[in-house]
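Descriptive analysis of the structure
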Amino acid sequence: MAERPEDLNLPNAVITRIIKEALPDGVNISKEARSAISRAASVFVLYATSCANNFAMKGKRKTLNAGDVLSAMEEMEFQRFISPLKEALDAYRREQKGKKEASEQKKKDKDKRTDSEEQDKSREDDNDEDDERMEEEEQNEEEEVDN
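The shown structure was predicted, so the numbers you read here are calculated from the model rather than taken from an experiment. (Residues numbered from 1 in each chain as written. Predicted model: local features only at pLDDT ≥ 70, side-chain atom pairs only at ≥ 80, totals over all residues. Heavy atoms only, no water.)

A few words on a negative patch on the surface. A grouping of Asp131, Glu132, Glu135, Glu136, Glu137 and Glu138 is seen on the molecular surface, where their side chains present a negatively charged patch. Following the sequence through the fold, glutamate 132 ends up in helix 4 (residues 79–146). Of the residues examined, glutamate 132 reaches a relative accessible area of 48% and is grouped as partly exposed. (Patch = residues over 30% accessible without salt bridge, like charges linked within 9 Å, V, L, I, M, F, W, Y side chains within 5 Å. Areas by Shrake-Rupley, 256 points an atom, 1.4 Å probe, with all protein chains shown as cover. Salt bridge = Lys/Arg side-chain N within 4 Å of Asp/Glu carboxyl O. Lys, Arg positive; Asp, Glu negative; His and termini not counted. Charge placed at Lys NZ, Arg CZ, Asp CG, Glu CD. Helix = DSSP H or I, 4+ residues; strand = E, 2+ residues; numbered from the N terminus. Buried < 20%, exposed > 50% of the residue type's maximum accessible area, 1.4 Å probe, protein only.)

Right, here's the structure in full:
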């Protein structure tokens, strides 16, 4: 756990980016207001995490999951966030599924290339062995002719 309250604050760069995205162009915000928003965001995250942890503990789990967070939002009476959170979660899951499928396809392609390269190498080795045998046979034939 954090030793100082400041350790629990979200990074200023993140807060500044969120604020800039939320405000219309040309609107400025004072350092004091940015600091207040940062503290409020940190308190919100801590409270949401605590509520979600309660749901995980009720389920006899140590790991918080998305369902715990959604339940926490409802318990905290932030129902209007549930639908956008579900949409974001679905988008995240689709993205992760796409990445996983792409990774699996890449692995399959790599395995196919490796198998193909091994077959090619095996053929080359077989050809090399055949060439060596032919050379030996030719040498043996030449020796027999010389004898």
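Right, let's talk about the side chain of serine 38 for a bit. Within the secondary structure layout, serine 38 lies in helix 2 (residues 31–58). Since its relative accessible area comes to 5%, serine 38 is described here as buried. In contact with serine 38, other than residues within four places in its own chain, are Asn9, Leu10, Asn12 and Ile15. (Contact = heavy atoms within 4.5 Å.)

Turning next to unusual backbone geometry. Positive phi is not limited to glycine here, since lysine 60 has a value of about 55°. Here lysine 60 shows up in the loop between helix 2 and helix 3 (66–75). For lysine 60, a relative accessible area of 79% translates into the label exposed. Positive phi values are uncommon outside glycine, yet glutamate 77 reaches one of about 65°. Checked against the element boundaries, glutamate 77 lands in the loop between helix 3 and helix 4.

Right, let's get into the packing of aromatic side chains. Inspection of every chain in the model, using the stated rule, returns two aromatic pairs. Ring geometry for phenylalanine 44 and phenylalanine 78: centres 5.3 Å apart, planes at 85°, overall edge-to-face. Residue phenylalanine 44 is found in helix 2, and its partner phenylalanine 78 is found in the loop between helix 3 and helix 4; the two are separated by 34 residues along the sequence. Its relative accessible area of 24% is what places phenylalanine 78 among the partly exposed residues. Between phenylalanine 78 and phenylalanine 81 the ring centres are 5.4 Å apart and the planes differ by 25°, which places this aromatic pair in the stacked class. Relative accessible area serves as the criterion here: at 31%, phenylalanine 81 is assigned to the partly exposed category. Among the aromatic side chains, those forming a connected cluster through ring pairs are Phe44, Phe78 and Phe81. Above the ring of phenylalanine 55, the side-chain terminus of lysine 58 is found at 4.9 Å from the ring centroid. Over the ring of phenylalanine 81 we find arginine 80, and its NZ or CZ is 5.3 Å from the ring centre. (Phe/Tyr/Trp six-rings, centres within 6.5 Å; stacked < 30°, edge-to-face > 60°. Lys NZ or Arg CZ within 6 Å of the ring centre and 35° of its normal.)

As a further point, take the environment of lysine 31. Position of lysine 31 relative to the elements: it lies in helix 2. For the pair lysine 31 and threonine 16, spaced 15 residues apart in sequence, the C-alpha separation works out to 10.0 Å.

For the rest of this paragraph, the subject is a nonpolar patch on the surface. Together, Phe44, Val45, Val69, Phe81 and Leu85 give the surface a local cluster of nonpolar side chains, amounting to about 340 Å² of exposed area. Inspection of the secondary structure assignment puts valine 69 in helix 3.

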